[in-house]
Amino acid sequence: MYLVDLENNIIHDMSFVRYECQIKKIPEDKRKKIYSLQTVKTMLDTDHRPKYNGCQYCMSEYHLLDFTKIFG
């Protein structure tokens, strides 16, 4: 199962949750459960709006670093 943080547009893998994910700080009304990896991959697609990102701690293989936030 995957948990989507609708406030920050971050997707977490509930089978690999780390302390750094701070799942408990996500408000209940800003959570969405996703049950298939294919749906998650569709949400992470570059053309999907809003743009979602994988959690850097529990879904690092799907995490994309936005360099515009660093240098812009």
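Caption draft 1: Looking closely at the overall build of the chain. In terms of helices and strands, the chain carries 2 helices and 4 strands. A compact globule built from 72 residues would reach a C-alpha radius of gyration of about 11 Å, and the chain, at 12 Å, matches this within 12%. Counting only C-alpha atoms, the chain reaches 30 × 25 × 25 Å along its principal axes. Partitioning the intrachain contacts of the chain with sequence separation of at least 6 by distance along the chain shows that 54% fall at a separation of at least 24. Carbon and sulfur atoms provide 53% of the accessible area of the chain, an area that totals close to 5300 Å². Within the chain, one finds 11 positive and 10 negative side-chain charges whose respective centroids are separated by 3 Å.

Caption draft 2: Quick look at the environment of Tyr2. With respect to the helices, strands and loops of the structure, Tyr2 is situated in strand S1 (residues 2-5). For Tyr2, a relative accessible area of 12% translates into the label buried. Note: C-alpha distance between Tyr2 and Glu61 (59 residues apart in sequence) is 14 Å. Not counting residues up to four positions away in its chain, the partners in contact with Tyr2 are Ile11, His12, Asp13, Met14, Lys32, Lys33, Ile34, Ser36, Leu37, Val40 and Met59.

Caption draft 3: Structural detail: the environment of Asp29. Residue position: Asp29 is located in the loop between strand S2 (10-13) and strand S3 (31-34). You can call Asp29 exposed: its relative accessible area is 61%. Remark: the alpha-carbon pair of Asp29 and Tyr57, spanning 28 residues in sequence, is separated by 23 Å.

Caption draft 4: Main features of the state of the cysteines. Taken as a whole, this structure holds 0 disulfides when the rule is applied. For Cys55, which is in no disulfide, the shortest distance to another cysteine sulfur is to Cys21 and amounts to 3.7 Å. Left without a disulfide partner, Cys58 is nearest to the cysteine sulfur of Cys21, which lies 3.7 Å away. On the accessibility criterion, Cys58 (5% relative accessible area) is buried.

Caption draft 5: Focus on the sheet that holds S1. An order of S3-S1-S2-S4 is seen for the 4 strands of this open sheet, with the pairing classed as mixed. A strand with exactly one partner marks an edge of an open sheet, and here the two such strands are S3 and strand S4 (53-54).

Definitions and cut-offs
- Residues numbered from 1 in each chain as written.
- Predicted model: local features only at pLDDT ≥ 70, side-chain atom pairs only at ≥ 80, totals over all residues.
- Heavy atoms only, no water.
- Helix = DSSP H or I, 4+ residues; strand = E, 2+ residues; numbered from the N terminus.
- Rg over C-alpha atoms; globule rule 2.2 N^0.38 Å.
- Contact = heavy atoms within 4.5 Å.
- Areas by Shrake-Rupley, 256 points an atom, 1.4 Å probe, with all protein chains shown as cover.
- Lys, Arg positive; Asp, Glu negative; His and termini not counted.
- Charge placed at Lys NZ, Arg CZ, Asp CG, Glu CD.
- Buried < 20%, exposed > 50% of the residue type's maximum accessible area, 1.4 Å probe, protein only.
- Disulfide = S-S within 2.5 Å.
- Pairing = 2+ DSSP bridges.

Functional significance is not addressed by these values, which are geometric in nature.
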